[in-house]
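# Summary of structural features
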Amino acid sequence: MLTTEQKRNIVAEFGTEFGKGEKDSGNAAVQVALLTHNINGLKDHFGKHIHDYHSNRGLLKMIGQRKALLKYVLAKKPEQYQSLIKKLGLRK
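In this report, we go over the structure that sits alongside the text. (Residues numbered from 1 in each chain as written. Predicted model: local features only at pLDDT ≥ 70, side-chain atom pairs only at ≥ 80, totals over all residues. Heavy atoms only, no water.)

## A word on the nonpolar core
- Ile10, Phe14, Val32, Leu34, Leu70, Leu84 and Leu88 are the most contacted members of the largest nonpolar core, which has 24 residues in total.
- For this core, the elements supplying multiple residues, two or more each, are helix H1 (4-18), helix H2 (28-41), helix H4 (53-76) and helix H5 (78-88).
- Per-element accounting of this core gives the leading share, eight residues, to H2.
- Ignoring sequence-local partners within four residues, the contact set of Leu34 consists of Leu2, Lys7, Ile10 and Val11. (Core = buried A, V, L, I, M, F, W, Y, C linked by side-chain atoms within 4.5 Å. Buried < 20%, exposed > 50% of the residue type's maximum accessible area, 1.4 Å probe, protein only. Helix = DSSP H or I, 4+ residues; strand = E, 2+ residues; numbered from the N terminus. Contact = heavy atoms within 4.5 Å.)

Encoded structure:
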């Protein structure tokens, strides 16, 4: 999980670039960035705890939520979607 300071830094970085300001945590692009960092942080956990099926369900819910938010960003602002996935490294 992310610490408060890490969340603040992510919101400030993505909020100024994609949102209205450095405290705009409600923007879909900022939420995608937070979910992506949470998802990437769980890689180590699942490397150690292969049979942790309960946490795996939470991971799948986060992935689904991120997918829905990305779909929303693509529908509303396609140019922002391209720069967002490039910055987060989601597609190859």
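## Re the side chain of Gln80
- If you trace the backbone, Gln80 turns up in helix H5.
- A distance of 3.0 Å separates the side chain of Gln80 from the backbone oxygen of Phe18, its partner in a polar contact.
- In contact with Gln80, not counting residues within four places along its chain, are Phe18, Ala29 and Val73. (Polar contact = N/O pair within 3.5 Å; in protein donor to acceptor, adjacent residues only side chain to side chain.)

## Some thoughts on the packing of aromatic side chains
- Within the structure shown, the criterion is met by one aromatic pair.
- Seen in terms of ring centroids, Phe14 and Phe18 are 5.9 Å apart; in terms of plane orientation they differ by 15 degrees. Their pairing is stacked. Of this pair, Phe14 and Phe18 are both found in helix H1, four residues apart, which corresponds to roughly one turn of the helix. Assigned by exposure class, Phe14 and Phe18 land together as buried.
- Sitting above the plane of the Phe14 ring, Lys87 keeps its charged end 4.9 Å from the centroid. (Phe/Tyr/Trp six-rings, centres within 6.5 Å; stacked < 30°, edge-to-face > 60°. Lys NZ or Arg CZ within 6 Å of the ring centre and 35° of its normal.)

## Here's the deal with H1
- With 15 residues, H1 should cover 21 Å at 1.5 Å per step; its first-to-last C-alpha distance of 20 Å lies within 8% of that length.
- Burial in H1 covers these residues: Ile10, Val11, Phe14, Gly15 and Phe18. Burial along H1 is one-sided: seen end-on, the buried residues are contained in an arc of 115 degrees. (Expected span 1.5 Å × (residues − 1). Arc of directions from axis to C-beta.)

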